[in-house]
Structures are given as structure tokens and as C-alpha cells.
Amino acid sequence: MRSYTLIAPAKINLYLEIIGDRPDGFHELAMILQSIDLADQIGVRSLSTDTIRVHSQHTQVPTDKTNLAYRAAELMVKEFPDTFAKYGGVEITIDKHIPVAAGLAGGSTNAAAVLVGIDLLWNLGLTQTELEELGAVLGSDVPFCIAGGTVIATGRGEQLSPLPSLDNIYIVLAKYRSLEVSTAWAYKTYRQQYGNTYIKDTADLVARANAVHSGAIVKAIANKDVTDIAQKLHNDLERVVLPEYPQVLQLRELFAAQEGVIGTMMSGSGPSVFALVESQPQAEIIKQKIRAAIPDEDLELFVTRTTSHGIKIASSV
Ligand code: ATP
């Protein structure tokens, strides 16, 4: 096999709590991450030259070294130089469907797909844990994207514990194409506005992050009680993003006012906003109503649903 096509799903945050600033300069987070079936398709193919090439049809996706998928390939070359010498370079094709810079881990899931794809291309036989460890070098959301599903993520987001899977909950997702929120800005502003959250004692931070394991939303997920889950959605970053971005606030309020929406929240550092709804027909109706209320071409709207998988092989040649 010299070429693979992989499905790389996006994620939403059902829960995001900023526990505090860690002594190493990162934030200690407690999150619940959920894969959705809105996905990119990633092609990986061996090249006879020793280069890494990235192509994408999407104008907002960089094709140079700033692309996280490129960096994933570069990491594999660095980690496995002998295998690289044997198999040659890699061509990566990104068929982008996930909105870019949306808080949906688009770049991270592309990088995860490249790790999985090169593992297959080069017959490395890496375990999920090994792939997740490589992913953690690239970014906090990459390890989750490997296996996906419904997961508690603590630490910087890279410490994962799986939860019972939540399949087929319908979601309407909205994002203004040209609106970007810097993740670094969101966290910095949160820190400035909500005081000094620096806690010296790492053990205390970790204990507080781990408290999410016995939290109300985890119980709701264990019971597969969608209404209860929807009522317990939470994202600390809304406190800084919503006041600064009226368009995001408007989407939140519009979703909340729709019949059939059982819960709505911003994902990650935004600006995408999602709503959990009872059924697919309702999701389609809600999408149409939002479109009618905001007839702006810049607003992208999707009907999607939760899924229990991360990176998946679509085809191999
Ligand atoms: P996260 O939820 O992990 O914070 P995100 O969904 O907010 O990520 P991305 O879609 O990954 O954000 O895009 C953030 C920026 O990263 C973009 O502005 C883009 O320039 C750059 N980028 C690098 N690699 C990719 C990629 N493979 N796909 C999309 N954007 C990428």
C-alpha cells in the first residue's frame, strides 16, 4: 500500500474549565471533548523524492511548514529517519470541510491523521499510546484526535480518559467564515480579567482538574441523558469571548431561543457555536431558521452529529 485516505473528524467541547495557571506557564484544564462527524479527508502518499508536500483546496489552509499536518510529517521523519530513508517523502492532501480557526481542532485532527497515515505507509505498527505521545509534541488537542469519541482531557488537554460513547446526538453548528478568535488572546484575557489563578502546588491543581471525573456532566454522560448533558454544557472562555464578539453572542442567544434546542455553547475558544437538538429533522429546521434570521453569506451552518471515532481509514491503494 502506498496511499491512504483518512477521515479526520472535528471536535466540540461539551465542557471547558480553566483550573489555573501551572508553574510551567501552561493552563491546567478540565475538558470534555466530543468528536463530531463533520470531518476533513486527508490523503497521504509516498513520494520518490525526500520531500514533504501539502496541498489543500481551501484558501485559509497554509501549505507550508506552518501547517500542523506538515509538522506532523516532519516529526515522523525526525523520529524514524531510517524508515523515511527507505520509503521516501510524503504528499499530504487536505480536503477541508471543517471551518478553519473555529475552535473545532481542525489543524489538530489533520495532524493526527498524518501521524496515523504515515504509521500505515511506513508499516511502523505504532500503538495508540505511542501515536498519542507523538501527537502531544505537536499540540494539546492532537492526542485526543487520534482515537476521538467522548473523553475527559486534563493537564494541558493531553491527559485523556475515555467516557462512554455518545453516538448520534444531532448538532447544529454555526461559524462566521471571516471571524477568527485567537486562542492565545482568549486565555490571556481570561487570566487578566479573572485574577491571578496561579497556584504553586501542582498536586492541588491536578486534584482539582481530576474533580471533573465525578462532576455532574460526567454522570449525565454515563446515564446517556442527553437533556441533562445539554443543561450542563459549560465553557469558561465564553466569559471573555461573548462580550468581545457580539456576533458570537447573537448566535448563542438565537440558538437558545429555538424550539428543539436542548443546549447551546461556544466550542473551545470560539468563534463556533453549537446547539444540541433532539432529532435530525429538528436540526434541519433550526438550521433554516438561523439562516433566515441571519441571511449573511459569511455565516457557515452545518447539521452534524456526535460520533465515537477519531481517525479512520476511508480507503487505501
Ligand atoms: P483548536 O480548536 O485546536 O484551537 P482551531 O479549530 O481553532 O484549533 P485551526 O482550524 O486548527 O483552529 O486553525 C488555526 C490556524 O492554524 C489557522 O488560522 C491556520 O492558519 C493554521 N493551520 C495550520 N494547519 C492547519 C490545518 N491543517 N488546517 C487548518 N488550519 C491550519
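Scoring rules and cut-offs
- Residues numbered from 1 in each chain as written.
- Predicted model: local features only at pLDDT ≥ 70, side-chain atom pairs only at ≥ 80, totals over all residues.
- Near = placed C-beta within 6 Å.
- Helix = DSSP H or I, 4+ residues; strand = E, 2+ residues; numbered from the N terminus.
- Nonpolar A, V, L, I, M, F, W, Y, C, P; charged D, E, K, R; others polar.
- UniProt positions renumbered as here; feature names shortened; annotations may be inferred.
- Core = buried A, V, L, I, M, F, W, Y, C linked by C-beta atoms within 7 Å.
- Buried ≥ 20, exposed ≤ 12 C-beta atoms within 10 Å, placed from the backbone.
- Contact = placed C-beta atoms within 7 Å.
- Arc of directions from axis to C-beta.
- Pairing = 2+ DSSP bridges.
- Axes fitted to C-alpha atoms, helices over the stretch in contact; angles between N-to-C directions.

**Focus on the site of the ligand**
- With respect to spatial proximity, 20 residues lie near the ligand, and among them Asn 67, Ala 105, Gly 106, Gly 107 and Asn 110 are the closest.
- Breaking the shell around the ligand down by element, the ones donating at least two residues are helix H1 (68-79) and helix H3 (106-121).
- In the shell around the ligand, the residues fall into 10 nonpolar, nine polar and one charged.

**What about the UniProt feature "domain: GHMP kinase C-terminal" (unreviewed entry) in the protein chain?**
- The sites that carry the UniProt feature "domain: GHMP kinase C-terminal" (unreviewed entry) are, in the present numbering, residues 218-294.
- Counting secondary structure, residues 218-294 comes out at 56% helix and 17% strand; the distance between its end C-alpha atoms is 34 Å.

**Considering the nonpolar core**
- The biggest cluster of nonpolar side chains holds 94 residues, and the ones touching the most others in it are Ala 69, Ala 73, Ala 112, Val 114, Leu 115 and Ile 171.
- Setting aside anything within four residues of it in sequence, one finds Val 114 in contact with Ile 42, Val 44, Ala 69, Ala 72, Ala 73 and Ile 92.

**Examining helix H4 (residues 128-138)**
- Those residues of H4 not exposed but buried are Leu 131, Glu 132, Leu 134, Gly 135 and Leu 138. Mapping the buried residues of H4 onto a view down its axis gives an arc of 160°, with all of them on the same face.

**Brief notes about the sheet that holds strand S11 (residues 299-305)**
- The strand order S9-S10-S7-S11 describes an open sheet built from four strands, whose pairing is antiparallel. Edge positions in the sheet fall to strand S9 (261-266) and S11, since each of these pairs with one other strand and no more. When strand polarity is set aside, the average angle formed by the axes of neighbouring strands in this sheet is 20°.
- Pairing of strand S7 (residues 170-176) with strand S10 (residues 273-277), which is carried by five bridges, proceeds in the antiparallel orientation. Across the sheet, residue Ala 174 finds its bridge partner in S10, namely Val 273.
- Together, S7, S9 and S10 form the strand contacts of helix H11 (residues 246-256), whose direction differs from that of S9 by roughly 170°.
- Strand contacts of helix H12 (residues 280-293): S7, S9, S10 and S11, with the helix running at about 175° to S11, the strand carrying the most contacts.

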